[in-house]
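Listed below, chain by chain, are the residues.
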Amino acid sequence: MLDLKKIRADFPILSREVNGKPLVYFDNAATSQTPQQVIDVIVDYYSNYNANIHRGVHTLSQEATDKYEAARHTIQKHFNAAHAHEIIYTSGTTHSINLVASGFSSLLQKGDEIIVSALEHHSNIVPWQMLCEKTGAILKVIPMNQDGELVMAEYDKLLNENTKLVFVNHISNALGTINPIEEIIEKAHQVGAAVLIDGAQACPHVKPDVQALDVDFYVASAHKICGPTGVGMLYGKEEWLNKLPPYQGGGEMIAEVSFTKTTYAGLPHKFEAGTPNICGGIAFGAALDYMNAIGFDAIAKYEQELLEYATKALLEIEGLKIYGTAKNKTSVVSFNLEGIHPYDVGTILDKLGIAVRTGHHCAQPIMDYFKIPGTVRASFAFYNTKEEIDTLVSGVKKAKMMLS
Ligand SMILES: *Cc1c(COP(=O)(O)O)cnc(C)c1O
């Protein structure tokens with residue numbers, strides 16, 4: 001059981017007002033809110049030991065380096081990676097995916113095949129299209145059905161000896177569908193393909209075990225897991241990270257430099273050119289500590305309660321349709337009111353202090369599939385309450401009355 005009162009008190013932003021109403025924050029799938037424990041870590045860094053890392057012998061630099069590397073170990077433990085050097089700090093999921101896509105441009109040949117899913121975020125579509133343009137590889141798509149689930153029988157048909165890479169998100173940000181990644185990974189490995197799982201939307205709800213999954217790459221952003229923006233991670237199996245060339249050249253990523261030849265640093269520094277988001281990395285570790293102290297089992301169980309409660313209440317509104325009705329889904333409800341543009345609904349909800357996302361959620365192919373311009377998306381986190389959902393439901397009813 002979660003102690004909601006105590007948890008909510010950890011998040012200063014939750015007690016502010018918007019348009020004269022108490023804030024109801026239901027845009028967690030876009031970014032999560034930050035608890036005081038993580039804010040304190042950020043303030044402490046800039047107040048007490050702000051310095052560049054890995055370079056100085058002075059005390060501040062050592063303190064910053066120690067904390068930054070300790071956070072890497074926290075991330076390693078959280079994802080159960082075999083080695084800390086398999087955790088690469090990035091600026092977020094998008095950066096992580098581009099790093100891998102860019103690396104593969106030297107490993108792929110014309111005619112090689114890459115499989116993505118119909119449920120992807122744009123950040124997991126566009127880098128692969130760019131990669132295909134560069135290498136002559138072919139992009140194939142696992143289709144989805146009306147419930148927003150991947151059609152796995154079609155996946156089986158797409159796999160063959162030319163398949164080199166499979167990229168799928170763990171959980172869809174637009175619909176909340178939890179994809180069967182265990183099966184996707186196992187089948188890809190049977191044809192010798194590598195698998196990258198986009199975990200940006202999964203990590204707020206579940207604790208992935210990269211070794212149990214046997215996944216080759218797993219990526220996430222700190223800002224969706226109670227951490228700051230501008231920092232994230234790439235997990236890669238050591239053998240894969242050794243195979244990929246460096247992404248960017250610069251300081252930190254070299255062993256030796258001369259004008260005739262430069263040798264690269266070992267893992268993880270090979271992929272970490274330049275001064276990183278030091279404070280962000282340390283705060284990322286603190287955010288994982290915070291969420292683990294609450295416990296992912298309790299978080300997942302409570303969020304399922306919120307999902308069921310909201311789904312039932314919203315469906316009682318006549319003319320409301322929910323998109324994404326997969327059996328396995330997380331606490332995301334994407335919906336539309338018949339004949340009303342999602343943007344108009346979102347605008348009225350904002351007047352009532354309710355923050356939801358409207359639009360295509362960086363997943364236009366999904367919207368095209370349903371032949372809609374977008375949806376209203378309410379996404380719940382462990383610090384949300386049923387009372388807030390009641391506020392949403394009455395807000396949607398009000399919007400319907402005003403707009404129809
Ligand atoms: C948010 C999100 C991304 C992009 O994450 P950034 O932090 O913006 O790089 C990618 N994939 C999914 C599924 C997401 O939810």
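Source: prediction; values computed, not measured.

Attention shifts here to the side chain of Glu86. Along the chain, the position of Glu86 falls in the loop between helix H3 (59-79) and strand S4 (87-90). Ignoring anything within four residues of it in the chain, the contact list for Glu86 reads Ala81, Leu234, Tyr235, Gly236, Lys237, Glu238 and Leu241.

If you check the shell around the ligand, you find Thr93, Thr94, His121, Ser123, Asn173, Asp198, Ala200, Gln201, Ser221, His223 and Lys224 and nothing else. One nitrogen or oxygen atom from the side chain of Asp198 is found 2.5 Å from a nitrogen atom belonging to the ligand. In the model, an oxygen atom of the ligand is placed 2.8 Å from a nitrogen or oxygen of the His223 side chain. Isolated, the ligand exposes 390 Å² of accessible area, and the fraction of that covered by the protein chains is 86%. Here the shell around the ligand is composed, by residue class, of 1 nonpolar, 8 polar and 2 charged.

Spatial ordering of the open sheet is given by S4-S10-S9-S8-S7-S5-S6, a layout of 7 strands whose pairing is mixed. Two strands bound the open sheet, and with one partner strand each, they are S4 and strand S6 (138-142). This sheet shows a mean twist of 20° between the axes of neighbouring strands, independent of strand direction. Bridge count for strand S9 (residues 217-221) against strand S10 (residues 232-236) is 5 bridges, and the pairing is antiparallel. Bridge pairing in S10 links Phe217 to Gly236.

Turning our attention to helix H10 (residues 278-294). Between its terminal C-alpha atoms H10 stretches 25 Å, which fits the 24 Å expected from 17 residues at 1.5 Å a residue. Of all 17 residues in H10, 13 are buried, a share of seventy percent or more. N-cap assignment for H10: the residue whose side-chain oxygen lies 2.8 Å from the backbone N of Gly280 is Asn277. A positive backbone phi angle near 105° is found at Gly295, which sits one or two residues after H10.

At a minimum axis distance of 9 Å, the contact between helix H12 (residues 342-351) and helix H14 (residues 386-403) shows a crossing angle of 120°. One finds that H12 runs oblique with respect to H14. At the point where H12 passes H14, the crossing takes the right-handed sense. On the side of H12, the interface is formed by Asp344, Val345, Ile348 and Leu349, while H14 contributes Leu392, Gly395, Val396, Ala399, Met402 and Leu403.

Moving on, we come to the domain arrangement of the protein chain. Bring the parts together and some accessible area is lost; that lost area is often taken as the interface size. Considered domain by domain, the protein chain is made up of domain 1 (4-30 + 295-403) and domain 2 (39-293). Placing a centre on the C-alpha atoms of domain 1 and another on those of domain 2 gives a separation of 28 Å. Contact with domain 1, which involves 35 residues of that partner, is made by 34 residues of domain 2. For the domain 1 and domain 2 pair, buried surface summed over both sides reaches about 2800 Å², with 58% attributable to carbon and sulfur atoms. For the domain 1 face of the interface with domain 2, the top three residues by lost area are Phe296, Ile366 and Tyr369, together amounting to 24%. Inspection of the region where domain 1 meets domain 2 yields 18 residue pairs in polar contact (both at pLDDT 80 or more).

Parameters at a glance
- Residues numbered from 1 in each chain as written.
- Predicted model: local features only at pLDDT ≥ 70, side-chain atom pairs only at ≥ 80, totals over all residues.
- Heavy atoms only, no water.
- Helix = DSSP H or I, 4+ residues; strand = E, 2+ residues; numbered from the N terminus.
- Contact = heavy atoms within 4.5 Å.
- Near = heavy atom within 4 Å.
- Polar contact = N/O pair within 3.5 Å; in protein donor to acceptor, adjacent residues only side chain to side chain.
- Areas by Shrake-Rupley, 256 points an atom, 1.4 Å probe, with all protein chains shown as cover.
- Nonpolar A, V, L, I, M, F, W, Y, C, P; charged D, E, K, R; others polar.
- Pairing = 2+ DSSP bridges.
- Axes fitted to C-alpha atoms, helices over the stretch in contact; angles between N-to-C directions.
- Expected span 1.5 Å × (residues − 1).
- Buried < 20%, exposed > 50% of the residue type's maximum accessible area, 1.4 Å probe, protein only.
- Parallel < 35°, antiparallel > 145°, perpendicular 65-115°, else oblique.
- Left-handed = near helix turned anticlockwise from the far one by under 90°.
- Domains from an automatic or database assignment.
- Buried area = accessible area lost by both parts, 1.4 Å probe.

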